[in-house]
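# Structure at a glance
What follows is the residue order along each chain.
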Amino acid sequence: MKHNTIPKQAIVLLITGLLIVSFNLILGKYMGVPDFIKGFLSGLGIALETIALIKIQRSRKENQQCSGLPVFKM
């Protein structure tokens, strides 16, 4: 059975980034929003998603076990 190795902080960052990007698209469709605000929110969302992916990758490297040949002691 696999355990969830993704840190909770990374999950929160990923979800927050996705919500910001999707909220930005919805907001731009129904309201007149300046390009500066659209660009800022898109960049912020993508930055949060990237940070989350880096945290996930680092946690996987820490939890990775060597699958090489076992060492036998005599």
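Residues numbered from 1 in each chain as written. Predicted model: local features only at pLDDT ≥ 70, side-chain atom pairs only at ≥ 80, totals over all residues. Heavy atoms only, no water.

This part is about the overall build of the protein chain. Scanning the protein chain for helices and strands turns up two helices and zero strands. Expressed as a percentage of its 74 residues, the buried residues of the protein chain come to 19%. Within the protein chain, contacts between residues separated by at least 24 positions form 76% of all contacts whose residues are at least 6 apart in sequence. If you sum the accessible surface of the protein chain, you get close to 6,600 Å²; carbon and sulfur atoms cover 67% of it. (Helix = DSSP H or I, 4+ residues; strand = E, 2+ residues; numbered from the N terminus. Buried < 20%, exposed > 50% of the residue type's maximum accessible area, 1.4 Å probe, protein only. Contact = heavy atoms within 4.5 Å. Areas by Shrake-Rupley, 256 points an atom, 1.4 Å probe, with all protein chains shown as cover.)

The subject of this paragraph is helix H1 (residues 8–30). A rise of 1.5 Å per residue sets the reference length of H1, with its 23 residues, at 33 Å; its end C-alpha atoms lie 33 Å apart and thus fit the reference within 8%. The set of residues buried in H1 consists of Ala 10, Leu 13, Gly 17, Ile 20, Asn 24 and Leu 27. Among the structural elements, helix H2 (35–63) are those in contact with the buried residues of H1. (Expected span 1.5 Å × (residues − 1).)

Moving on to a nonpolar patch on the surface. A contiguous nonpolar surface patch, about 400 Å² in accessible area, is contributed by Phe 36, Ile 37, Phe 40 and Leu 44. Relative to the helices and strands, Phe 36 is located in helix H2. (Patch = residues over 30% accessible without salt bridge, like charges linked within 9 Å, V, L, I, M, F, W, Y side chains within 5 Å. Salt bridge = Lys/Arg side-chain N within 4 Å of Asp/Glu carboxyl O.)

Remark: H1 packs on H2, axes separated minimally by 8 Å, with the N-to-C direction vectors making an angle of 160 degrees. As summarised for this structure, H1 and H2 are arranged roughly antiparallel, according to the angle between their axes. Considering the relative orientation of H1 and H2, their crossing is left-handed. Residues Gln 9, Ala 10, Leu 13, Leu 14, Thr 16, Gly 17, Leu 18, Ile 20, Val 21, Asn 24 and Gly 28 of H1 lie in contact with H2, whose contacting residues are Lys 38, Leu 41, Ser 42, Leu 44, Gly 45, Ile 46, Leu 48, Glu 49, Ile 51, Ala 52, Lys 55 and Ile 56. (Axes fitted to C-alpha atoms, helices over the stretch in contact; angles between N-to-C directions. Parallel < 35°, antiparallel > 145°, perpendicular 65-115°, else oblique. Left-handed = near helix turned anticlockwise from the far one by under 90°.)

These figures capture arrangement, not role.
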